[in-house]
Amino acid sequence: MRSDRTREILTLGMPIMGAMVSQSILNLVDAAMVGVLGETALAGVGIGSYANFMAVAIVIGLSTGVQAMVARRKGEGRMERAAVPLNGGLLLAVLLGVPLTIAFLFFAPEVLAILNNDPEVREVAVPYFQARILAVLAIGFNFSFRGYWNGINQSGTYMRTLVIMHVCNVAISYCLIFGKLGLPEMGATGAGLGTSISLYIGTLIYLFLTLRHGRAHGFLHGFPDRETMRTMVRLSVPNSLQQLFFAAGITALFWIIGLVGTEELAVGHVLISLVLFLILPAIGLGIAATSLVSQALGRGDPEDAYRWGWDVYKVTFIMLVLLGMPMWIAPDLVLSLFVHEPELLDLGRLPLRITGFGICIDALSIVMMQSLLGAGANRAVLGVSLFTQWVIFLPVAYLIGPVLGWGLLAIWLAQIGQRAISGGIFAWLWHKRDWVHIRI
């Protein structure tokens, strides 16, 4: 791989990675702050977090549709139309976000009752979830703005905005959790409310910056036409469904672990948070691949698009190998940041070591998936994701965990197997190149 291509991948991908790492660090900081309140609070926040992830997954999927279309317009040299897909994404965010917010606010107790049968855990989870769900609209807006800025290769704007937003989140959440600076002491619910407030701060920043720099690209210049909206829906709906079922799958996994035991639930929350942190470089570079692939196809160069997918994978694999090393070299040091009881450290040590090795598999799965999304193969991505997660992994996890009693370790090994299968199928689809004929 030529050095200039590596440099272009890192130039576009590093700001995205930095922004996403800051987001995951925020989640881990929240877990660390709430962890002081005890394992019940930590488990409640875990359940509430994954329920929120499932609830907002539909609007998160808007980002891929916006980014693929914006990047394609850039590749075609039609910059005066580059922000039109963003207009469509913001409109869809309103149409989806408002009813979702209302529905989940009213039905939060019923949703959380399905996910966990421990009344003490639900007592924490329900108000935390309701505080987080207030920001569905902001998340839809923010992910649409992210798609626009990444699509025009200005990922630094996304990074700077997200970092500011997360600094606000840490400060506000800390004050609301522990009752500092005259604010009420809200415990775990304060962490959820602080996150929602910071998300709306991010929306205001994105709006200000895009009004300054995106008007020439068609930002807020009337409603998008029917063809733009049709394409936006065609690209976003499969990805939104994929995000929804992925989030529901993570939530189902958390439920399965909860059936094994409360200690396993607390450790599982930390492990899943760490996994989501470790794969962020792959997701960040994968998002860069989305833009690079779509821009190459916009220029009419499918061979270059194909090479971008594999080039991004090579860079990502090396990075994940380096990031995974602390997990298997010093697992106790990592786990002790979040759990303090010796029995919890013993329970999480080996699964975390396995995670350190297993994340290298995620490089192939995530980069190939994002490359396919950049080419517009969203339906294929949805099909593979649903099959490997819901048909293969979750039934196996339920069988070997709660039914056979093999515990958290067996569930963790099965999860790594599922990610290997996904990566192999995505790589095969990329190699077939059927995506070359998809028009955006």
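In this text, all values refer to a predicted model and were calculated from it rather than measured experimentally.

Cut-offs applied
- Residues numbered from 1 in each chain as written.
- Predicted model: local features only at pLDDT ≥ 70, side-chain atom pairs only at ≥ 80, totals over all residues.
- Heavy atoms only, no water.
- Helix = DSSP H or I, 4+ residues; strand = E, 2+ residues; numbered from the N terminus.
- Rg over C-alpha atoms; globule rule 2.2 N^0.38 Å.
- Contact = heavy atoms within 4.5 Å.
- Areas by Shrake-Rupley, 256 points an atom, 1.4 Å probe, with all protein chains shown as cover.
- Lys, Arg positive; Asp, Glu negative; His and termini not counted.
- Charge placed at Lys NZ, Arg CZ, Asp CG, Glu CD.
- 1 Å grid on protein atoms, 1.4 Å probe; cavity = no way out; pocket = protein on both sides within 12 Å on 5 of 7 lines; lining within 4 Å.
- Points joined across faces, edges and corners; volume = space filled by probe spheres on them.
- Nonpolar A, V, L, I, M, F, W, Y, C, P; charged D, E, K, R; others polar.
- Core = buried A, V, L, I, M, F, W, Y, C linked by side-chain atoms within 4.5 Å.
- Buried < 20%, exposed > 50% of the residue type's maximum accessible area, 1.4 Å probe, protein only.
- Salt bridge = Lys/Arg side-chain N within 4 Å of Asp/Glu carboxyl O.
- Disulfide = S-S within 2.5 Å.
- Phe/Tyr/Trp six-rings, centres within 6.5 Å; stacked < 30°, edge-to-face > 60°.
- Lys NZ or Arg CZ within 6 Å of the ring centre and 35° of its normal.

Peer 1: Can you walk me through the overall build of the chain in this structure?
Peer 2: From N to C terminus, the chain includes 16 helices and 0 strands. Computed over the C-alpha atoms, the radius of gyration of the chain is 21 Å, within 12% of the 22 Å expected from 2.2 N^0.38 for a compact globule of 440 residues. Each principal axis of the C-alpha atoms in the chain carries an extent, and together these give about 60 × 45 × 35 Å. Taking as baseline every contact in the chain between residues at least 6 positions apart, the subset at least 24 positions apart corresponds to 83%. In the form shown here, the chain has an accessible surface area of approximately 17,000 Å², with 68% of it arising from carbon and sulfur atoms. Side chains of the chain carry 28 positive and 25 negative charges; the gap between the two charge centres is 15 Å.

Peer 1: In this structure, what is going on with the layout of surface pockets? I would like to understand it.
Peer 2: Vacant regions in the atomic arrangement are exposed by a probe of water-molecule size rolled over the atoms. For the largest pocket, the calculated volume is near 390 Å³. Contributing to the lining of the largest pocket are 20 residues, with Arg72, Arg73, Glu76, Arg439 and Ile440 lying nearest its centre. Elements supplying a minimum of two residues to the lining of the largest pocket: helix 3 (62-76), helix 4 (84-115), helix 9 (226-260) and helix 11 (280-298). Counted by class, the lining of the largest pocket contains 8 nonpolar, 3 polar and 9 charged residues.

Peer 1: Sorry if this is basic, but what is going on with the nonpolar core here?
Peer 2: As a rule of thumb, nonpolar side chains are buried together in soluble globular proteins. Leu112 and Trp435 are the most contacted members of the largest nonpolar core, which totals 126 residues. At 13 residues, the largest contribution of residues to this core is made by helix 14 (residues 342-375). Not counting the four nearest positions on each side in its chain, Trp435 is found in contact with Leu297, Pro302, Ala305, Tyr306, Leu372, Ala375, Ala377, Leu429 and Trp430.

Peer 1: What exactly am I supposed to notice about the environment of Ser196 here?
Peer 2: Counting through the fold element by element, Ser196 comes out in helix 8 (residues 188-213). Excluding residues that lie within four positions of it along the chain, Ser196 makes contacts with Ala131, Arg132, Leu134 and Ala135.

Peer 1: Please clarify how the pattern of salt bridges should be interpreted in this entry.
Peer 2: Pairing between side chains of opposite charge can happen when the charged atoms of each approach one another. Counted under the stated rule, the structure contains 14 salt bridges. Two residues, Glu227 and Arg230, come together in a salt bridge whose shortest N-O distance is 2.7 Å. One end of the pair, Glu227, and the other, Arg230, are both in helix 9, 3 residues apart, so they sit about a helical turn from each other. The class for Arg230 is partly exposed, based on a relative accessible area of 47%. Where Arg307 meets Asp304, a salt bridge forms, and the shortest distance between an N and an O atom there is 3.1 Å. Of the two residues, Arg307 and Asp304 both sit in helix 12 (residues 302-329), 3 residues apart, roughly one turn of that helix. Of the residues examined, Asp304 reaches a relative accessible area of 6% and is grouped as buried. Counted as one network, the salt bridges with shared partners bring together Arg5, Arg299, Asp304, Arg307, Asp311 and Lys314.

Peer 1: What is the right way to read the state of the cysteines from this model?
Peer 2: The bond known as a disulfide is covalent and runs between the sulfur atoms of two cysteines. For the coordinates displayed, the defined rule picks out 0 disulfides. Cysteine Cys175 is unpaired, with the sulfur of Cys168 as its nearest cysteine sulfur at 11 Å. For Cys175, a relative accessible area of 11% corresponds to the buried category.

Peer 1: Just checking my understanding: could you explain the side chain of Thr64 for this structure?
Peer 2: Position of Thr64 relative to the elements: it lies in helix 3. Overall, the relative accessible area of 9% leaves Thr64 in the buried class. In this structure Thr64 touches Asn239, Leu373 and Asn378, once residues within four positions along its chain are discounted.

Peer 1: Before we go on, may I ask you to explain the packing of aromatic side chains in this structure?
Peer 2: The description of two aromatic rings rests on the distance between their centres and on the angle between their planes. Evaluated as defined, the whole model comprises 12 aromatic pairs. Here Tyr148 and Trp149 contribute two aromatic rings whose centre-to-centre distance is 5.2 Å and whose plane-to-plane angle is 70°, an arrangement assigned as edge-to-face. When sorted by exposure, Tyr148 lands in the same class as Trp149, which is buried. Summarising the aromatic geometry, the rings of Tyr313 and Phe317 are spaced 6.2 Å apart at their centres and angled 45° between planes, so their arrangement reads as tilted. Remark: Phe317 and Tyr313 occur in helix 12; sequence separation between them is 4 residues, near one turn of the helix. You can call Phe317 partly exposed: its relative accessible area is 34%. Put simply, the rings of Phe145, Tyr206 and Phe219 pair up and form one aromatic cluster. Against the face of Trp308 rests Arg5, its NZ or CZ located 3.8 Å from the ring centre. Sitting over the face of the ring of Tyr306, Arg433 holds its NZ or CZ atom 3.6 Å from the ring centroid.

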